[in-house]
Amino acid sequence: MGDPEVVVIGSGPNGMVAACVLARAGLKVLVLEAHEARAGGALGSEEGTLPGFVHDVGAAFFPFPRRSPAFRFLNLEQELTLYNMPFESCHPAPDGSVACIARDLELTAQHFGDPRDGEVFKNLAQWHARMEEHILGFLLGPLPTILPLLHMLPFSIFRFARIMLSSCAGLGRRLFKSEAARRVFPGLALHVDLGPSDPLGASVGYMLGLTATTAGYCIPQGGAGAITGALVKILERHGGRVQLDSRVARVLVGKAGAEGVVLADGTEIRATRAVLADTTAASLLLDLVERQHVPGRAVRFMERFPQGWGTFKMDWALSAPVPWAVPEARQAAVVHTGDSIADLQRFTDQVRRGELPENPYLVIGQQSLADPTRAPAGKHTLWAYSRVPPRMAGGWKDHAEAMADRIDARIEGLAPGFRATVLKRRIVTPEGLEAMDANLVGGDLGGGSNAWNRQLVFRPMFPYFRYRMPVRRLYLCSSYTHPGSGVHGMCGFNAARIALRDLGL
């Protein structure tokens, strides 16, 4: 198709969304993906244990195909078949207590710790549903995004601000009486590197909890790779294409700014109008762009860029569903383990000290309960991860089996007989995740740290928070930019719209 007008480096969800938006605007777009066999980065699926058992390699549950402005703009939901379970999230403990979140708020109220806490959560969810469009507009759009807040009444703005300024533990204790309910928001916030007591940490837990009541945790038929496949179809429909096995080694910088890229095999590909990078901030500014084009302050910061925690992931092929002791967990898309706020705080402290957690917090996915295409008839898959130090003394090979055994024991404690259902398990260490996708540095799923001082105008660093990089016509569109992690496509959507504005389109 001749020289593309725009080259996008990387085909993760943000890179693909950016490419689709630019192609819809009439530009010739080429996406370059290092993986030799598939697009998507960590948004993919494969038979990782036994034949016929389909496991998501990274992200697995998706509230945003129905709610993200980026996906709604692209009509992504029309390209997918999405399933939901009766409960979106279940939070059991060994003492038999449980709190659950469902899209049916009456069902949630009956299963959220105790009746009083259930009513409190239901009222919060009803308020959130009325405010969600404005909240998402504020949290997901390109900075500054003040206009959506102006549509909220003063009391709602105050209520929202009070939530955002809380720690997860503080928010849980302020709202709820039972320990089962109090541990929900802290458990959800640990999807990234936010512990229960971290200042201003409630935003992640709150948003994950409340979007579960509106969009739910969607399970795409056939695996997470279906989302990537849908984005590829949308791109191709508008004239763009993805080129696999094309690792970018350098961004070409000339008088006009970013003018193309050089692949690892030496091939030059020119981009006549812009280059967008769905990469880590550090790899773009330290490795892909030659140092003379990057301000020294940016180089120094990127050399010590604050990454998030590592991730330890496991997949299982099972002969039967997990025999959870708590019946609600048998009807949940996702099960979160955490006995109490104190238990989750101990976990946080151990990970931050560089230790293997003794009682691992887990995010556990049961996709095959909703989607029978994931496993042979009568059998099931299981997917889980825990947060861990990104690196261990001697390398993860010396610790992987011990950590996996602790995870098995954690599930067995909540589901006696679980081990007897395991046909095969697969271990993916932080090193393995980074080998699969270079953006997952040390197994960091969150696009760098999600601490309060790494958000908004500090993501990835000031003053480069509006996707434009120090080189003209070069844009960063990955989760290392605002609004950060999650398969919502908004980093790519926002970056593409900024680029279009700069191009006069």
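In the block above lies the structure referred to throughout.
Since this is a predicted model, take the numbers as computed values, not measurements.

Visitor: Account for a nonpolar patch on the surface, with residues named and values stated.
Guide: Residues Ile146, Leu147 and Leu150 make up a contiguous nonpolar surface patch of roughly 330 Å² in combined accessible area. Considering the arrangement of structural elements, one finds Leu150 in helix α5 (residues 147-150). Take Leu150: its relative accessible area is 61%, and that puts it in the exposed class.

Visitor: I'd like a description of the environment of Pro416, backed by residues and values.
Guide: Tracing the backbone shows Pro416 in the loop between α16 (400-414) and α17 (418-421). Pro416 sits in the exposed class, given a relative accessible area of 53%. The sequence separation of Pro416 and Tyr206 amounts to 210 residues, and the corresponding C-alpha distance is 31 Å. Here Pro416 is in contact with Pro323 and Ala325, once residues within four sequence places are set aside.

Visitor: Please provide a residue-by-residue account of the packing of aromatic side chains, values included.
Guide: Taken as a whole, this structure holds 15 aromatic pairs when the rule is applied. Arranged with centres 6.0 Å apart and planes meeting at 85°, the rings of Phe138 and Phe160 form a pair that is edge-to-face. With a gap of 22 residues between them, Phe138 in helix α4 (residues 115-140) and Phe160 in helix α6 (residues 154-164) connect regions that are remote in the sequence. With relative accessibility at 21%, the residue Phe138 sits in the partly exposed group. Put simply, the rings of Phe112, Phe121, Phe176, Phe185 and Tyr206 touch in pairs and so form one group of aromatic residues. We note Arg24 situated over the ring of Phe73; from NZ or CZ to the ring centre the distance is 4.2 Å. One Lys or Arg, Arg159, reaches over the ring of Trp127 and ends 4.8 Å from the middle of that ring.

Visitor: Explain the pattern of salt bridges to me, using residue names and the numbers behind them.
Guide: Applying the stated rule across the entire model yields 27 salt bridges. Among the salt bridges present, the one from Asp56 reaches Arg374, with a minimum N-O distance of 3.4 Å. Of this pair, Asp56 sits in strand β4 (residues 55-56) while Arg374 sits in the loop between α15 (367-370) and β17 (380-388), and the two are 318 residues apart along the sequence. Among the residues examined, Asp56 registers a relative accessible area of 0% and is labelled buried. The salt bridge involving Glu355 is made with Arg353; its shortest N-O contact spans 2.9 Å. Arg353 sits in the exposed class, given a relative accessible area of 53%.

Visitor: Which residues make up the packing of helix α1 (residues 13-24) against helix α11 (residues 225-237), and what are the values?
Guide: Close contact between α1 and α11 brings their axes to 9 Å; oriented N to C, the two are set at 20°. As the angle between them shows, α1 and α11 are arranged roughly parallel. Crossing hand, α1 versus α11: left-handed. The residues of α11 that touch α1, namely those facing Pro13, Met16, Val17, Ala19, Cys20 and Ala23, are Leu231, Val232, Ile234 and Leu235. For the contact of α1 with α11, the residue count by class is 10 nonpolar, no polar and no charged.

Visitor: Can you explain the sheet that holds strand β11 (residues 257-263)? Please cite residues and give values.
Guide: Pairing is antiparallel in the open sheet, where three strands are placed in the order β10-β11-β12. The open sheet terminates on both sides in strands that have one partner only, identified here as β10 (248-254) and β12 (268-270). On average, each strand axis in the sheet is inclined to that of its neighbour by 30°, with strand direction left out of account. Across six bridges, the pairing between β10 and β11 is antiparallel. Residue pairing for β11: Arg250 is matched across the bridge by Val262.

Visitor: Would you mind going over the sheet that holds strand β1 (residues 6-9) in detail, with residue names and values included?
Guide: If you trace the five strands from one edge of the open sheet to the other, you get β9-β2-β1-β13-β19, paired in parallel fashion. The two strands at the open ends of the sheet, each matched to only one other strand, are β9 (241-243) and β19 (474-476). On average, each strand axis in the sheet is tilted by 20° relative to the strand beside it, whichever way the strands run. Examined bridge by bridge, β1 and strand β2 (residues 29-32) share four bridges and lie parallel to one another. Its bridge partner being in β2, Val7 is matched across the sheet by Leu30. Sheet strands in contact with helix α19 (residues 490-502) are β13 (274-277) and β19, and its direction is about 160° off that of β19.

Visitor: Go over α19, please, and point to the residues and values.
Guide: Across its 13 residues, α19 extends 18 Å between first and last C-alpha, which sits within 8% of the 18 Å expected from 1.5 Å per residue. If you check which residues of α19 are buried, you get Met490, Cys491, Gly492, Phe493, Asn494, Ala495, Ala496, Ile498, Ala499 and Leu500. In this fold, the buried residues of α19 make contact with α1, α2 (69-73), α4, β13 and β19.

Visitor: Give a description of the packing of α1 against α19 that names residues and reports values.
Guide: It is the contact of α1 with α19, at a shortest axis distance of 7 Å, that shows an interaxial angle of 35°. α1 and α19 meet at a crossing whose hand is right-handed. Each of Asn14, Val17, Ala18, Val21 and Leu22 in α1 lies in contact with α19, whose residues at this interface are Met490, Cys491, Gly492, Phe493, Ala496 and Leu500.

Visitor: Help me get a handle on α1, residues and values and all.
Guide: Between its first and last C-alpha atoms α1 spans 16 Å; for 12 residues at 1.5 Å apiece the expected length is 16 Å, and the two agree. In terms of residue burial, α1 counts as a mostly covered element, since 11 of its 12 residues are buried. Listed in full, the buried residues belonging to α1 are Pro13, Asn14, Gly15, Met16, Val17, Ala18, Ala19, Cys20, Val21, Leu22 and Ala23. One or two positions beyond α1, positive phi appears at Gly26, with a value near 100°.

Visitor: Report on the environment of Ala325, specifying residues and quantitative values.
Guide: Counting through the fold element by element, Ala325 comes out in the loop between β14 (310-318) and β15 (332-337). Residues Ala325 and Pro94, 231 residues apart in the sequence, show an inter-C-alpha distance of 8.8 Å. Excluding anything up to four places from it in sequence, Ala325 contacts Arg330, Leu414, Ala415 and Pro416.

Criteria and cut-off values
- Residues numbered from 1 in each chain as written.
- Predicted model: local features only at pLDDT ≥ 70, side-chain atom pairs only at ≥ 80, totals over all residues.
- Heavy atoms only, no water.
- Patch = residues over 30% accessible without salt bridge, like charges linked within 9 Å, V, L, I, M, F, W, Y side chains within 5 Å.
- Areas by Shrake-Rupley, 256 points an atom, 1.4 Å probe, with all protein chains shown as cover.
- Salt bridge = Lys/Arg side-chain N within 4 Å of Asp/Glu carboxyl O.
- Helix = DSSP H or I, 4+ residues; strand = E, 2+ residues; numbered from the N terminus.
- Buried < 20%, exposed > 50% of the residue type's maximum accessible area, 1.4 Å probe, protein only.
- Contact = heavy atoms within 4.5 Å.
- Phe/Tyr/Trp six-rings, centres within 6.5 Å; stacked < 30°, edge-to-face > 60°.
- Lys NZ or Arg CZ within 6 Å of the ring centre and 35° of its normal.
- Axes fitted to C-alpha atoms, helices over the stretch in contact; angles between N-to-C directions.
- Parallel < 35°, antiparallel > 145°, perpendicular 65-115°, else oblique.
- Left-handed = near helix turned anticlockwise from the far one by under 90°.
- Nonpolar A, V, L, I, M, F, W, Y, C, P; charged D, E, K, R; others polar.
- Pairing = 2+ DSSP bridges.
- Expected span 1.5 Å × (residues − 1).

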